[in-house]
Amino acid sequence: MLTGYNWSQVLDNLQRSLFAEQMVCSMSTQLFHIPRTQDLEGNPEMHQHLVPASYHRVTAIGSAQRLQHGEYHESIIKTLSSCIQNAKMEDRGVMEWLYVMKEAADSDVKPYIETIIYWQELTQYKLALAEHALNQIGIYVENAGLSPTPYVRS
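Throughout what follows, the structure given in this document is the object of discussion.

Quick notes on the rules
- Residues numbered from 1 in each chain as written.
- Predicted model: local features only at pLDDT ≥ 70, side-chain atom pairs only at ≥ 80, totals over all residues.
- Heavy atoms only, no water.
- Helix = DSSP H or I, 4+ residues; strand = E, 2+ residues; numbered from the N terminus.
- Buried < 20%, exposed > 50% of the residue type's maximum accessible area, 1.4 Å probe, protein only.
- Contact = heavy atoms within 4.5 Å.
- Areas by Shrake-Rupley, 256 points an atom, 1.4 Å probe, with all protein chains shown as cover.
- Salt bridge = Lys/Arg side-chain N within 4 Å of Asp/Glu carboxyl O.
- Core = buried A, V, L, I, M, F, W, Y, C linked by side-chain atoms within 4.5 Å.

This part is about the overall build of the protein. Scanning the protein for helices and strands turns up 4 helices and 0 strands. Each helix and strand of the protein, placed in order from N terminus to C terminus, yields the pattern α-α-α-α. Looking at the 154 residues of the protein, the share that counts as buried comes to 43%. Within the protein, counting contacts between residues at least 6 apart in sequence, those at least 24 apart form 79% of the total. With the model as given, the accessible surface of the protein reaches about 8,100 Å², and the carbon-plus-sulfur share is 54%.

Right under this line is the structure:
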């Protein structure tokens, strides 16, 4: 039983992951409100992954907060673990479509898309740190055949 564990490392990294995701959400949604980029190829498809990825991060944070405050049930651990797994799966789609967006964007918009990619990489990195903190206490997130998303900077 993990009732006495300090969940702060897990919680902190999940919160940092969500903060970076907020930047991805804000910046990519802004593109819908700029006439030149409102129809940018890949943005709607990217959001089909971004919305559930955000939901899974929010749910994981709620679970970690409950654990940090002393609540414990195996189902909370399973919720936390499955939400991290699901966020990772959705993140792959986010990255895939961000690269489509970058390819489709005009040259003066590409640096903006690269900044969104930076924030997405950060959100994934912080999620990986949260997962690592879970691994250190013996909780393992099932990867369901996932391999790390290759990051190819062009």
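Enumeration over the complete set of coordinates arrives at 8 salt bridges. Taking the shortest distance from any N to any O, the salt bridge between R57 and E21 comes out at 3.0 Å. Here R57, found in helix α2 (residues 43-68), pairs with E21, found in helix α1 (residues 8-30); they are 36 residues apart in sequence, far enough to count as distant. When sorted by exposure, R57 lands in the same class as E21, which is buried. Residue K102 is joined to E114 by a salt bridge in which the shortest nitrogen-to-oxygen separation is 3.3 Å. Of this pair, K102 sits in helix α3 (residues 74-104) while E114 sits in helix α4 (residues 110-136), and the two are 12 residues apart along the sequence. For K102, a relative accessible area of 9% corresponds to the buried category. Each of E21, R57 and D91 takes part in one network of salt bridges that share partners.

For the rest of this paragraph, the subject is the nonpolar core. One finds W7, V10, L14, L80, I84 and L134 to be the most contacted residues of the largest nonpolar core, which totals 22 residues. For this core, the elements supplying multiple residues, two or more each, are α1, α2, α3 and α4. Per element, the largest residue contribution to this core is 6 residues, and it comes from α3. Ignoring any residue separated from it by four or fewer positions in sequence, one finds L134 in contact with W7, V10, L80, I84, I139 and V141. With 17 residues, the next largest nonpolar core counts V24, L40, M46 and M101 among its residues.

These values are about where atoms sit, not about what they do.
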